[in-house]
Amino acid sequence: MRRRALIVGNWKMNGLIEPACDLADGILFGLGQRADRMLHCEVVICPPATALHALHQRLGSGTLKLGGQNLSEHESGPHTGELCGIMLRNVGCWYVIVGHSERRASGEGNEVVGRKMAAAFRDGLTPIVCVGESLDERERGAAEAVVREQIAALLPHVPDARNKRESLVVAYEPVWAIGTGRNAEPEQIVAMHGFLRALLTEALGAAGEKVRILYGGSLKPANARTILALGDVDGGLIGGAALKATDFLAIIDAVPDEF
Ligand code: PGA
C-alpha cells in the first residue's frame, strides 16, 4: 500500500525567532527546487511554540507545514504554561507531536498521551504519536510488549470517523536511538514497523493500513536512504538533522521515488 511520505522536523527547544525564520527560509527555498518531489512527500516542521506565529506569517499555508511539539489535553482554562490545540491551530499548525519520549520521561504516561491524542483530533490537528522502548526494555526482550501497551492506550481515543482514523501518524522512536547518533538497525526497524502495522490493522481495520508510521532516532543524511526504503516506513521524525537545512533537505531527497 502506498502512503504519502511524511518528513517531520522536530526542532525541540532550539531556535529564537530570527534563526528559526532563517532555517525555515532555507528549507522552503530547497522545497521550491524540489516541486516534483513534493507531490509524494509532505514536509512539516515543529519549531518551538514561541516561533510559530512568526513562521506562520512567513510560510502561510504553503508546502512547508507547521506542527506543535506538544499540546494540553484540555480545551482551555486554568492550566498554567500549557497550550491547547486551538491555540496551535491559531498559529498555523496542522500537526502536533504527542507523547515524545522526552515528555514521557518527565512523567507523561500512556493514559495522558491517549487523551492528548484525542484532544488533537478534537481540535482539528493531526497527531504524530510517538512510541518506543528504552534500551533496558529492548535488552530485556520487552520492546514489543512496551509498544503494544503504548498503542493499546491510544485505541479507545481514536475517533470513529474514517478520515480521522486514516490521518493518524505513529512515530516509532526507540528511546536509545534518540539524539545518540546510533540509529536502530534496519532489521529492528522492519520488525517493529511490521508489528505496529499488524496492531493498527487489527484494531482499526482498513484504516490501519492507511496510518503512516514514521521512524525517528538519529535519522540523518547518511542513513536516510536505507531507512526510508524499508517496508512500512512511511517517513521520518527528525531531531538533530532537522536543524540544518542542507541535512533536512538531504533526508527529503532520500525519500524513495515510489512513494
Ligand atoms: P534525533 O531526534 O533525530 O536527534 O535522534 C529524534 C526525535 O527526538 O524526534
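Remember, predicted model here, so these are calculated numbers, not experimental data.

## Notes on the packing of helix 1 (residues 17–32) against helix 12 (residues 245–253)
Put simply, helix 1 and helix 12 touch, their axes get as near as 9 Å, and they point 35 degrees apart. Along this stretch, helix 1 crosses helix 12, giving a crossing that reads as right-handed. From helix 1, Leu23, Gly26, Ile27, Gly30 and Leu31 reach across to helix 12, where they touch Ala245, Phe248, Leu249 and Ile252. Residue classes in the contact of helix 1 with helix 12 are distributed as seven nonpolar, two polar and no charged.

## Some points on the packing of aromatic side chains
With the rule as written, the count across this model stands at one aromatic pair. Cation over ring: Lys65 sits above Trp94, and NZ or CZ is 5.1 Å from the ring centre.

## Overview of the layout of surface pockets
In this structure, the largest pocket encloses a volume near 400 Å³. Around the largest pocket, the lining comprises 19 residues; the ones closest to its centre are Lys12, Ala49, Gln69, Asn70 and Arg103. For the lining of the largest pocket, the elements supplying multiple residues, two or more each, are helix 2 (49–59) and helix 4 (101–104). Residue composition of the lining of the largest pocket, grouped by class: eight nonpolar, seven polar and four charged. Gly179, Ser218, Gly239, Gly240 and Ala241 are the residues nearest the centre of the second largest pocket, which is lined by 17 residues in total.

## Looking at unusual backbone geometry
Residue Ser218 is not a glycine yet carries a positive backbone phi of 55 degrees. Relative to the assigned elements, Ser218 resides in the loop between strand 7 (212–216) and helix 11 (221–228). Non-glycine residue Asp232 carries a positive phi angle of around 65 degrees. Inspection of the secondary structure puts Asp232 in the loop between helix 11 and strand 8 (235–238).

Scoring rules and cut-offs
Within each chain, residues carry numbers counting from 1 in the order of the written sequence. Only residues with pLDDT of at least 70 get local features here, since the model is predicted, and only at 80 or more are side-chain atom pairs given and counted; chain-wide, interface and lining totals rely on the full set of residues. As a rule here, side-chain values cover all heavy atoms of the structure and leave hydrogens and water aside. Think of each axis as a best-fit line through the C-alpha atoms, taken over the contacting stretch in the case of a helix, with angles from 0 to 180 degrees between the N-to-C directions. A run of H or I in DSSP becomes a helix once it reaches four residues, and a run of E becomes a strand once it reaches two; helices and strands are each numbered from the N terminus. It is the rotation of the near helix from the far one that decides the hand of a crossing: anticlockwise by less than a right angle makes it left-handed, clockwise makes it right-handed. We call two residues contacting when some pair of their heavy atoms lies within 4.5 Å. Each residue gets one label: Ala, Val, Leu, Ile, Met, Phe, Trp, Tyr, Cys and Pro are nonpolar, Asp, Glu, Lys and Arg are charged, and the others, such as Gly, are polar. The rule is short: rings of Phe, Tyr and Trp, with Trp giving its six-membered ring, pair when the centres are within 6.5 Å, and they are stacked under 30 degrees, edge-to-face over 60, tilted in between. Two thresholds decide whether a charge sits over a ring: the Lys NZ or Arg CZ must be within 6 Å of the ring centre and within 35 degrees of the ring normal. Every definition here rests on a 1 Å grid over the protein atoms only: cavities are sets of points where a 1.4 Å probe fits but cannot get out, pockets are open sets enclosed by protein on both sides within 12 Å along at least five of seven lines, and lining residues have some atom within 4 Å of a point. Grid points are joined across faces, edges and corners, and a volume is the space filled by probe spheres set on the points.

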